[in-house]
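# Structural overview for review
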Amino acid sequence: MKRSDMAEFFRVFWEAIKDFWEELLLLALMNLLTVLFAFPVVTFPPALAGLWSAANLVAKGKAIHWSDYFDGFRHYFWKAWRLALINILVLVVIYTNIRFYTPGVAPFKINQSVSTWISTFFTLTGIVWLMIQMYPMALLLEQEDERVRLALRNAAFLTALKPGFTLLLFVALVLIAIVSSLITILWVLVTLSFFAVLCNKAVLHLLEPYRKQAQQLKEGGKEGNVDGSGEGAVHP
């Protein structure tokens, strides 16, 4: 891991804290509403999209209103569910494979060491997948082309490009989640909204050089996206 990755991460983390503090009251209320929306289940992914939409503005240093939350809720309702279903499917497949190759559970005899290697592979695959999932919702908010597939591809690209930064971000989110599980009220009022601000802030930071590149391509008569492929441009 590069020292520059650590410096970038701590700068983004500190800026996210400052931005979060500026809109603490409204973000806490939105966090509470999002938790309440989790009970009907069907409204939970769109509620997260609404929270991420408001947090995107916070990460840009803008004031937010309830309309920002509900506009995001409505606009990204089906896209949020599509992303949620993809995540559920991938995690179920990973868990099934881990269970399938577990001695005593597998329908065939399998060596313990082979089982361990396979389980380790799928566990690491699951962790990498979860790391990638820190970016897609924030990318959907920045892309002109709002396809979920493109957001996932761009998220994978950013993860591969900045693995050290992404790992630090993931560890921070895990540690915050652990602390919040010990102090439950944090989940109710703070954690989800802070996750939203931090993930948006991270994506905005990672997109900075590509925004400059996209602007140069645009001035030269070309369009490019975050990976320069020319599809689904991400603009300021």
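Residues numbered from 1 in each chain as written. Predicted model: local features only at pLDDT ≥ 70, side-chain atom pairs only at ≥ 80, totals over all residues. Heavy atoms only, no water.

## A look at helix H3 (residues 44-59)
Over its 16 residues, H3 extends 22 Å from the first C-alpha to the last, a length consistent with the 22 Å expected when each residue adds 1.5 Å. Most of H3 sits inside the fold, with 13 of its 16 residues counted as buried. Positive phi appears at Gly 61, one or two residues downstream of H3, with a value of about 80 degrees. (Helix = DSSP H or I, 4+ residues; strand = E, 2+ residues; numbered from the N terminus. Expected span 1.5 Å × (residues − 1). Buried < 20%, exposed > 50% of the residue type's maximum accessible area, 1.4 Å probe, protein only.)

## Thoughts on the environment of Trp 52
Within the element layout of this structure, Trp 52 appears in helix H3. In the structure, Trp 52 is positioned 142 residues away from Phe 194 in sequence and 9.8 Å away in space, judged by C-alpha atoms. Setting aside chain neighbours within four positions, we find Trp 52 in contact with Met 137, Ala 138, Leu 141, Leu 192, Phe 195, Ala 196, Cys 199 and Asn 200. (Contact = heavy atoms within 4.5 Å.)

## Observations regarding the environment of Phe 9
With respect to the element layout, Phe 9 can be found in helix H1 (residues 3-22). Taking relative accessible area as the criterion, Phe 9 reaches 5% and is therefore assigned buried. Distance from Phe 9 to Ala 202, taken between C-alpha atoms, is 8.0 Å for residues 193 residues apart in sequence. With sequence-adjacent residues up to four places away left out, Phe 9 is seen in contact with Phe 165, Leu 168, Leu 169 and Ala 172.

## Some points on the packing of aromatic side chains
Overall, the coordinates contain 14 aromatic pairs when judged by the stated rule. With centroids separated by 5.7 Å and ring planes inclined at 85 degrees, the aromatic side chains of Phe 13 and Phe 194 adopt a geometry described as edge-to-face. Residue Phe 13 is found in helix H1, and its partner Phe 194 is found in helix H10 (residues 185-219); the two are separated by 181 residues along the sequence. The buried category is assigned to Phe 194, whose relative accessible area is 9%. A ring pair is formed by Phe 37 and Phe 73, whose centres lie 5.3 Å apart and whose planes are at 40 degrees; its orientation type is tilted. With Phe 37 in helix H2 (residues 24-37) and Phe 73 in helix H4 (residues 66-75), this pair connects stretches of sequence that are 36 residues apart. By relative accessible area, which is 12% here, Phe 73 ends up buried. Among the aromatic residues, those joined into a ring-pair cluster are Phe 9, Phe 10, Phe 13, Phe 20, Phe 165 and Phe 194. (Phe/Tyr/Trp six-rings, centres within 6.5 Å; stacked < 30°, edge-to-face > 60°.)

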